[in-house]
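Next come the chains, spelled out residue by residue.
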Amino acid sequence: MSNRPAILAEGLHKYYGKTHALDGLDLIAEEGSVLAVLGPNGAGKTTAVRILTTLLRPDAGRAEVAGLDVVKDADALRSRIGLAGQYAAVDENLTGYENLEMFGRLYHLSGSVARRRALELLEQFDLVDASRRLVKTYSGGMRRRLDLAASLIISPPILFMDEPTTGLDIRGRLAMWEVIGALVSDGTTVLLTTQYLEEADQLADKIAVVDRGRVIAKGTSDELKAQVGGERLELTVAHKGDMDAAVQVLRLYSVGEIQTDANHRHIVVPVTHGAQLLAAVVRDLDTAQIPVDDLALRRPTLDDVFLTLTGRAAEETDEPTEIPAARPLERSAR
Amino acid sequence: MISTKDHVTQTLTPQARPSLYWTFADALVLAKRHLVQIPRIPEELIFATIQPIMFVLLFRYVFGGAIAIRGTTYVNFLMAGIFVQTVVFGSTSTGIGLATDLQRGLIDRFRSLPMAKSAVLTGRTISDLVRNTFVVIVMWTVGLLVGFQPQGNFLFLLAAVGLLLLTSFAFSWISATIGLSVNSVEAAQSAGFIWLFPLTFASSAFVPVESMPPWLRVFAEHQPVTQIVNATRGLILNHPDATTIWIAIAWCVGILVVFIPLSVRAYGRRTAR
């Protein structure tokens, strides 16, 4: 399968009764790359993952994973892929070790290999101390790590992750990103779905934006951002009279056109490395004696992508994620 | 932490064995999954036992005095009905368990693995069979404590227990089909139970069907629970009737023939939510 993409979907359609969950979805991921499928709830992300992992049959279209047809070669394909769902699909009333051993046996590893692999994965995912505890005592992040470990038992060349960080707190999310990053550097092809632009940006080589069952935009994170716009500093000055002075100060940091709204004393400044600039901006405004009511660093969200691409807000999105401004965005900063 | 490809990787290939081997091996892995959990969730087993005990006490001491049975004591008549009711009600745990697995996304994971398709179902029905065996033993003991005197010889009693376990297994597959067809654990709970009430109460389990009005009696006499109760009762009370026993077995086999394929099909199609 030299030149074949690791994941290829062409014109996938799926109906649930009258709902058209997938409406001609096309996806492609090269071997060893990370493809993020970005979209709001109900866009068809999970349906796509289920078709690619042989859980659902498409009503029309075709898909190949690792060169195997997801319908015709489903049985063979199942020993080439791993699936980490959004549910942390592990058994609550078994210990972490028992879960991994069981899944190992169900991957048809011999008893001794399954046990050894379970211990190895527990070590890798920092779950050794909890390995003899029932999973129902685990935190959300620990469950996700165990779930991911279970999907890696046979060290599959292709891994599907359906919203791997949904429901995790910031710490859990960062830890998960680190784990995914390590997998990728080991050469695993990953398809992950997410509702967060920042997550796609952080992890993926290519991003496919999905809406209503079809891809509405695709490309690298930079290409997408070129369409959507990058980070921006938004501030509200306390006095209308300070507007010009503030713009004067901020011009130093701007990488584009500064927008002002005198009525609301609102200024929007396109920036890069915004988090690193914040302190300097505050200091400069202070020096210029310009009191500020509000100052925030905003990054484009899924909503911004949708507004730009479709002219409407993303439907049914969860509340936008608040990422602490102190954490620099390495990838997007470049 | 973090490095997936290392020395173990090359040994992580599935063992090559005939698919029939995996049909059993995978089922056993999953049966073990359920069996190790029984002592970890003791309340489940306790409640599964308390309910039939309540029925024994209720019918033995509250209603029993008003029910006259020809040829034997009421408690001797009652226990066959209680045993059948116990295994039939107990079978609902199969569907509830599957609906829970479905809701938690475990069925999705199992279906993405290269394992035998039937294993999730057979694993659960087998472990539920083991669990039900335990509950039948408890009920038998409770019966003895309240005056139950089995009359049949050892072989008859063994046959009675065998028929009860076959019934348990058969009804588990109906339950599995229900559990995989509904959309929530709660629905699996009610849908799994509700149809069992007319089936167990409008039967010969607790009263002789002769006492029922004609229209109900027609139903009661011909439905499977009555046949199974009568066959069990005959064996326990030492007057086995070959025809009834064959009809009871035929019902169980018929249920299996219909519901095993139905539930396997439902399993192959269902995903979480």
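Within any chain, residue numbers begin from 1 and follow the written order of that chain's sequence. Labels follow written order: the first chain is A, the first ligand is 1, and so on. This being a predicted model, a pLDDT of at least 70 is required before a residue's local features are given, and a value of 80 or more before pairs of side-chain atoms are given or counted; all residues contribute to the totals for chains, interfaces and linings.

A count of helical and extended segments in chain A gives 12 helices and 14 strands. Over its C-alpha atoms, taken along the principal directions, chain A stretches across nearly 75 × 45 × 40 Å. The 334 residues of chain A split such that 47% are buried. Elements are defined by DSSP. Helices are runs of H or I of four residues or more, strands are runs of E of two residues or more, and each kind is numbered from the N terminus. Buried means a residue has 20 or more other C-beta atoms within 10 Å of its own C-beta, exposed means 12 or fewer, and partly exposed covers the counts in between; C-beta atoms are placed from the backbone.

So, on to helix H1 (residues 19-37) of chain B. The length a helix should cover is 1.5 Å for every residue beyond the first. Taking 1.5 Å per residue as the helical rise, H1 of chain B with its 19 residues ought to reach 27 Å, and the 28 Å between its terminal C-alpha atoms agrees with that figure. Considered for burial, the residues of H1 of chain B that qualify are Trp22, Asp26, Ala27, Val29, Leu30, Ala31, Arg33 and His34 of chain B. Looking at the packing, one finds that the buried side of H1 of chain B touches helix H3 (96-106) of chain A together with helix H6 (119-145) of chain B. Note that contacts rest on C-beta atoms placed from the backbone: two residues are in contact if these are within 7 Å.

On to the pairing of strand E1 (residues 7-16) of chain A, then. Looking along a regular strand, one sees side chains alternate from face to face of the sheet. Residue and element names in this part refer to chain A. At least two bridges found by DSSP between two strands are what make those strands a pair. In terms of strand pairing, E1 meets strand E4 (residues 60-65) through five bridges, oriented antiparallel. Looking at the pairing, Glu10 lines up with Arg62 of E4. In this structure, E1 lies alongside strand E2 (residues 19-29), joined through eight bridges in antiparallel fashion. By the bridge assignment for E2, Leu12 is matched with Leu25. Between E1 and E2, which pair antiparallel and follow one another directly, the connecting turn spans two residues, one of which, Gly17, has a positive phi of 60°.

Attention shifts here to the sheet that holds strand E13 (residues 266-270) of chain A. Within a sheet, adjacent strands bond to each other through the backbone by hydrogen bonds, running parallel or antiparallel. All names here are of chain A. As summarised here, the arrangement of the four strands in space is E12-E13-E11-E14, forming an open sheet in which the pairing is antiparallel. Both outer strands of the open sheet, strand E12 (259-261) and strand E14 (292-298), are each paired with one neighbouring strand and no more. Put simply, the sheet's adjacent strands are angled 10° from each other on average, direction ignored. Of the strands in this sheet, strand E11 (232-237), E12 and E13 are in contact with helix H9 (residues 243-250), which crosses E13 at around 10°. To define axes, lines are fitted to C-alpha atoms, for helices over the stretch in contact only, and angles between the resulting N-to-C directions are given on a 0 to 180 degree scale.

Each domain's limits were defined by an automated method or a database of domain assignments. What the domain assignment reports for chain A is domain 1 (7-226) and domain 2 (231-298). Taken over C-alpha atoms, the centre of domain 1 of chain A sits 41 Å from the centre of domain 2 of chain A.

Note that soluble globular proteins tend to have their nonpolar side chains buried in a common cluster. In plain words, the nonpolar core is the set of buried Ala, Val, Leu, Ile, Met, Phe, Trp, Tyr and Cys residues that C-beta atoms within 7 Å link up. The biggest cluster of nonpolar side chains holds 148 residues, and the ones touching the most others in it are Ile7, Leu35, Ala36, Ala48 and Leu52 of chain A together with Val84 of chain B. Per-element tally for this core: the top contributor is helix H7 (residues 154-181) of chain B, with 12 residues. In contact with Ala36 of chain A, not counting residues within four places along its chain, are Leu192, Thr194, Ala200, Leu203, Ala204 and Ile207 of chain A. If you look at the next biggest cluster of nonpolar residues, it comprises 11 residues, including Leu235, Val237, Leu250 and Ile290 of chain A.

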